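Single-letter residue listing:
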Amino acid sequence: MPSELPYAADAEESLTYDELQVLKIQYEKELAQSHVTVQTTFNYAWGLVKSPVKDHQVEGVRLLGELYRNEPTRRRECLYYLALGHYKLANYEQARRFNTLLLDKEPTNLQAQSLASLIDKKVTQEGYIGMAIAGGVAAVGTLILASIIRRAHK
């Protein structure tokens, strides 16, 4: 097995505006007819999650969440894109939860393995940023405290 996992390309690739519009038009057409198929909902949610626009991603995750809850036979299909959507929204714990569920069902899913690696890198990166901020706050606090102590001794 190669040491490099295939990149979770969906993390950065988006549909074109026209491609997303095709999915949106189909979804809205079925919505107007009061019968949206599961496949149309999934396709539209998939396109929204892949969008670089945060509001689209939020709506895509919402639609996928509804499918996940209401369509037990389609849960496996929703897991990766729920994980991806949460990853793109920086909800890393939720992303990890859905991705782990997928990996429990499909331990050899290379795309999910790659996404797990991306999630872990972001969590680590944010941890370092958090530590740097906390360190900076502690340093400033120490300087302020030292200044107050010096003034009190004068």
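My aim in this report is to walk through the structure given alongside it, one point at a time. (Residues numbered from 1 in each chain as written. Predicted model: local features only at pLDDT ≥ 70, side-chain atom pairs only at ≥ 80, totals over all residues. Heavy atoms only, no water.)

**Looking at the nonpolar core**
Link 1 in the chain: Residues Tyr 44, Leu 64, Cys 78, Leu 82, Tyr 87 and Leu 115 are the most contacted members of the largest nonpolar core, which totals 33 residues.
Link 2 in the chain: Elements that contribute at least two residues to this core include exactly α1 (17-32), α2 (38-50), α3 (54-70), α4 (75-88), α5 (92-105) and α6 (110-153).
Link 3 in the chain: A total of eight residues in this core trace back to one element, the largest contributor, which is α4. (Core = buried A, V, L, I, M, F, W, Y, C linked by side-chain atoms within 4.5 Å. Buried < 20%, exposed > 50% of the residue type's maximum accessible area, 1.4 Å probe, protein only. Helix = DSSP H or I, 4+ residues; strand = E, 2+ residues; numbered from the N terminus.)

**Thoughts on the packing of α2 against α4**
Link 1 in the chain: With their axes 9 Å apart at the nearest point, α2 and α4 run at an angle of 25 degrees to one another. Classified by the angle their axes make, α2 and α4 are roughly parallel. At the point where α2 passes α4, the crossing takes the left-handed sense. Listed contacts from α4 to Phe 42, Trp 46, Val 49 and Lys 50 of α2 are Glu 77, Cys 78, Tyr 81, Leu 84, Gly 85 and Lys 88.
Link 2 in the chain: Across the contact of α2 with α4, the residue classes break down as six nonpolar, one polar and three charged. (Axes fitted to C-alpha atoms, helices over the stretch in contact; angles between N-to-C directions. Parallel < 35°, antiparallel > 145°, perpendicular 65-115°, else oblique. Left-handed = near helix turned anticlockwise from the far one by under 90°. Contact = heavy atoms within 4.5 Å. Nonpolar A, V, L, I, M, F, W, Y, C, P; charged D, E, K, R; others polar.)

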